[in-house]
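Analysis of the macromolecular model
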Amino acid sequence: MRSLQDGILACIGNTPLLRLTGVARPDIRLFAKFEGANPSGSIKDRPALEIIRDGIESGRIKEDTVVVEATSGNMGLGLAQICRYLGLRLVCVVDNKITAQNLRLLEVYGAEIEVVTRPDPATGDLLTARINRAKAISEAIGNAFWTNQYANPSNARAHLRTMDEVFAALGGEVDYLFCSASSCGTVRGCADYLRQNKLHRTKVYVADSPGSVIFGGNSGPRMIPGHGAGRRPELYEDYVADRSIRVTDEECVMGCKALLSKEALLVGGSSGGIMMAVNKVAEEIAPRATCVMLLPDRGERYLDTIFSDEWVVGLQRIAQEREQLDRPRVAMQPPVPLRRQEQRDPGLSNGQGDRI
Ligand SMILES: Cc1ncc(COP(=O)(O)O)c(C=O)c1O
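These numbers come from a predicted model, not from an experiment.

Cut-offs used in this document
Residues numbered from 1 in each chain as written. Predicted model: local features only at pLDDT ≥ 70, side-chain atom pairs only at ≥ 80, totals over all residues. Helix = DSSP H or I, 4+ residues; strand = E, 2+ residues; numbered from the N terminus. Buried ≥ 20, exposed ≤ 12 C-beta atoms within 10 Å, placed from the backbone. Contact = placed C-beta atoms within 7 Å. Right-handed = clockwise from strand over helix to strand, strands pointing away. Pairing = 2+ DSSP bridges. Axes fitted to C-alpha atoms, helices over the stretch in contact; angles between N-to-C directions. Parallel < 35°, antiparallel > 145°, perpendicular 65-115°, else oblique. Left-handed = near helix turned anticlockwise from the far one by under 90°. Nonpolar A, V, L, I, M, F, W, Y, C, P; charged D, E, K, R; others polar. Domains from an automatic or database assignment. Near = placed C-beta within 6 Å.

Here we look at the overall build of the chain
- The secondary structure content of the chain amounts to ten helices and ten strands.
- If you line up the chain on its principal axes, its C-alpha atoms span 95 × 55 × 35 Å.
- Here the chain, with 356 residues, has 44% of them falling under the buried criterion.
- Looking at the chain alone, contacts between residues at least 24 apart form 68% of all its contacts between residues at least 6 apart.

Some remarks on the pairing of strand 7 (residues 176-180)
- Of all five residues in strand 7, five are buried; the element is thus mostly enclosed.
- Because side chains alternate across strand 7, one face comprises the buried residues Tyr 176, Phe 178 and Ser 180, and the other comprises Leu 177 and Cys 179, equally buried.
- Each parallel crossover has a hand, and the one from strand 7 via helix 6 (residues 185-196) to strand 8 (residues 203-208) is right-handed.
- The pairing of strand 7 with strand 10 (residues 290-295) spans three bridges and is classified as parallel. By the bridge assignment for strand 10, Leu 177 is matched with Val 292.

A closer look at the packing of helix 5 (residues 153-169) against helix 6
- Across the interface, helix 5 lies against helix 6 with an axial gap of 7 Å and an inter-helix angle of 60 degrees. Relative to helix 6, the element helix 5 lies oblique. Between helix 5 and helix 6 the crossing geometry is right-handed. Side by side, helix 5 and helix 6 meet where Asn 155, Ala 156, Arg 157, Ala 158, His 159, Leu 160, Thr 162 and Met 163 of the first sit next to Gly 185, Thr 186, Arg 188, Gly 189, Cys 190, Asp 192 and Tyr 193 of the second.
- Here the residues of the contact of helix 5 with helix 6 sort into six nonpolar, six polar and three charged.

Describing the domain arrangement of the chain
- According to the domain assignment, the chain consists of domain 1 (7-37 + 155-302) and domain 2 (45-146).
- If you average the C-alpha positions of domain 1 and of domain 2, the two centres end up 24 Å apart.
- Residue-level contacts link 20 residues of domain 1 with 17 residues of domain 2.
- At six residues, the largest contribution of residues to the side of domain 1 that touches domain 2 is made by helix 5.
- Across the side of domain 1 that touches domain 2, the residue classes tally to six nonpolar, nine polar and five charged.

Examining the sheet that holds strand 7
- Pairing is mixed in the open sheet, where six strands are placed in the order 1-2-10-7-8-9. Each edge of the sheet is formed by a strand with only one pairing partner; in this case those strands are strand 1 (17-20) and strand 9 (243-246). Neighbour to neighbour, the strand axes of the sheet diverge by 25 degrees on average, direction disregarded.
- The pairing of strand 7 with strand 8 spans five bridges and is classified as parallel. Looking at the pairing, Phe 178 lines up with Tyr 205 of strand 8.

Quick word on the site of the ligand
- Of all residues adjacent to the ligand, which total 18 residues, the nearest are Ser 183, Thr 186, Gly 226, Ser 270 and Pro 296.
- The residue makeup of the shell around the ligand, split by class, is five nonpolar, eleven polar and two charged.
- Taken domain by domain, the shell around the ligand gets at least three of its residues from each of domain 1 (7-37 + 155-302) and domain 2 (45-146).

Description of the environment of Arg 2
- Structurally, the position occupied by Arg 2 is in the segment before strand 1.
- The sequence separation of Arg 2 and Leu 315 amounts to 313 residues, and the corresponding C-alpha distance is 45 Å.
- Ignoring anything within four residues of it in the chain, the contact list for Arg 2 reads Tyr 85 and Leu 86.

Concerning the sheet that holds strand 4 (residues 89-95)
- Reading across from one edge, 5-4-3-6 is the order of the four strands in this open sheet, with parallel pairing throughout. Both edges of this open sheet fall to strand 5 (112-116) and strand 6 (144-146), since each of them pairs with a single strand only. Along the sheet, successive strands turn relative to each other by an average axial angle of 25 degrees, direction set aside.
- Bridge analysis of strand 3 (residues 66-70) against strand 6 gives three bridges, and the strand direction is parallel. Bridging from a neighbouring strand, Val 68 pairs with Trp 146 of strand 6.

So this is what it looks like as structure tokens:
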């Protein structure tokens, strides 16, 4: 097997930490860890590499092993790049919501694709259906390695290094760390790093979707990839976050537009959500506090969604319809007959039907 330290794999990690001056209160120090600088374009290159390294070192991945994962997005692309480099077969279990571009990219890297179209009958959740399918495929293949990002401790462990990079760059002075959560690998790794190093000063704030169940609540529609989950991942622990901040899909788009217009940063929807989470709590942040946002990916893959006016109008329409459906409805009561006297009394009406 080739070394994991050479070639394109050597470009994973050590991403730039950018000082942002245009999007936040001028008296706080705001930094962005630009994870889109990883070679396949996202933060998921880190856990993909850590999981494969762990598999090789523990003898569970050999040259003829088939790697299997349930992923429609960045994890699949990270794994596809690494597996291509190492010459390993990769099966990605995707769902029919995968974007045409991600599907093409997975194919170009040489991944084999299995599409799941029906939600899990027990939970109604598509992600559960994909995870079950990935598990079944890896059991059927025999010499398979199921990377299982939702439960694999190596996913979280990868972010001990992410945090090391942040803390080394800022001399340990971090008051707030803002991130997103889906598999919970990022947030769990960040929280574990703080616990292991007794860094009690740093608070972890997570931007989560109103339709996500990770921090409680009910599952609902979510259109921004990487922003929330319809089932609570095994990697989640109650200690991972000091606070979760609900950010709607439309707010994620607003956050992306702010980062683009004020910082010339073209990033994905979950990054926009993180930006909005900072804005939502900005008033509570003390002057001169240091805040770090872990921005998960680049924006180029979202030109037809987040950066398309047409798509955003559709998103707003769906949100309005949902709001109307969610509005508490007053049970219809049979009309109470007015007394004959009230019906006739002209003094109670202005003649146009309005009570005055
Ligand atoms: C764009 C994006 N943002 C955020 C996340 C969430 O990261 P994690 O899975 O570590 O919770 C992901 C995960 O795939 C992602 O692709």
